[in-house]
Amino acid sequence: QVQLVESGGGLVQPGGSLTLSCAVSGIIFSIKTMNWYRQAPGKERDMVARITSEGSTNYTDSVKGRFTISRDNAKNTVYLQMNNLKPEDTGVYYCNLVYYRRDYWGQGTQVTVSS
């Protein structure tokens, strides 16, 4: 079975940094495009960053220059390094992939940016 487990969330002050991890099992990780989504309080779940099997990346405009997505295929893990965090970055962050045209999600990890 496909499983995704996020970790690394927490409380951080504006301008601070945090790195999220997502451990993946049950698939051939190295050939999959991996995505990070976030859901702010009262808002829809939106894509934050994406990394393909080739290593190409894509980011939503609001995080460009601040967030970096990366992957370690030997560890079946995708990361999201978040720098210069802002209050609007607050939300639950989810790791995601598509397998046989179906979405798979982790349990989510809470990130709170507040002074």
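Predicted model only: the values in this text are computed from it and were never measured. (Residues numbered from 1 in each chain as written. Predicted model: local features only at pLDDT ≥ 70, side-chain atom pairs only at ≥ 80, totals over all residues. Heavy atoms only, no water.)

S.K.: What is the right way to read the overall build of the chain from this model?
M.R.: Counting secondary structure elements, the chain contains zero helices and eleven strands. The secondary structure elements of the chain, listed N-terminal to C-terminal, are β-β-β-β-β-β-β-β-β-β-β. Computed over C-alpha atoms, the radius of gyration of the chain comes to 13 Å, within 12% of the 13 Å expected from 2.2 N^0.38 for 115 residues, which places it in the range of a compact globule. Principal-axis analysis of the C-alpha atoms gives the chain an extent of 40 × 25 × 20 Å. Considering the chain as a whole, with its 115 residues, one finds that 39% of them fall into the buried category. (Helix = DSSP H or I, 4+ residues; strand = E, 2+ residues; numbered from the N terminus. Rg over C-alpha atoms; globule rule 2.2 N^0.38 Å. Buried < 20%, exposed > 50% of the residue type's maximum accessible area, 1.4 Å probe, protein only.)

S.K.: Looking at this structure, how should I read the pairing of strand β3 (residues 18–25)?
M.R.: Both faces of the sheet carry side chains from a regular strand, because those side chains alternate between them. Where strand β1 (residues 3–7) and β3 come together, five bridges link them in antiparallel fashion. Each bridged residue has a counterpart across the sheet, and for Leu-4 the counterpart in β3 is Val-24. Relative to strand β8 (residues 77–82), β3 is paired through six bridges, and the arrangement is antiparallel. Looking at β8, one finds that Leu-20 is bridged to Leu-80. (Pairing = 2+ DSSP bridges.)

S.K.: Please explain the sheet that holds β3 as it appears in this structure.
M.R.: Strands belonging to one sheet form pairs held by backbone hydrogen bonds; the direction of such a pair is parallel or antiparallel. Strands sit in the order β1-β3-β8-β7 across an open sheet of four strands; the sheet is antiparallel. Taken across any chain shown, the strands that pair with only one partner, and hence form the sheet edges, are β1 and β7 (67–72). Averaged over all pairs of adjacent strands, the angle between strand axes in this sheet comes to 15°, irrespective of strand direction. (Axes fitted to C-alpha atoms, helices over the stretch in contact; angles between N-to-C directions.)

S.K.: Just to check I follow, could you spell out unusual backbone geometry for this structure?
M.R.: A negative phi angle is the norm for most residues apart from glycine, just as the trans form is the norm for most peptide bonds. Here Asn-84, not a glycine, exhibits a phi torsion of approximately 45°, which is positive. Take Asn-84: it is sitting in the loop between β8 and β9 (91–99). We classify Asn-84 as partly exposed; its relative accessible area is 41%.

S.K.: Whenever I open this one, the environment of Gly-55 confuses me. Can you help?
M.R.: Tracing the chain through its elements places Gly-55 in the loop between β5 (45–51) and β6 (57–59). Between the C-alpha atoms of Gly-55 and Ile-69, which are 14 residues apart in sequence, the distance is 9.5 Å.

S.K.: Would you explain the side chain of Asn-96 in this entry?
M.R.: If you trace the backbone, Asn-96 turns up in strand β9. Taking the relative accessible area as the measure of exposure, Asn-96 reaches 0% and is therefore buried. Here the side chain of Asn-96 touches Asp-103 through a polar contact of 3.0 Å, side chain to side chain. Looking at Asn-96, its side chain comes within polar contact range of the main-chain oxygen of Tyr-104, at 3.4 Å. Those residues in contact with Asn-96 that sit more than four places away from it in its chain are Leu-4, Thr-33, Met-34, Asn-35, Tyr-37, Asp-103, Tyr-104 and Trp-105. (Polar contact = N/O pair within 3.5 Å; in protein donor to acceptor, adjacent residues only side chain to side chain. Contact = heavy atoms within 4.5 Å.)

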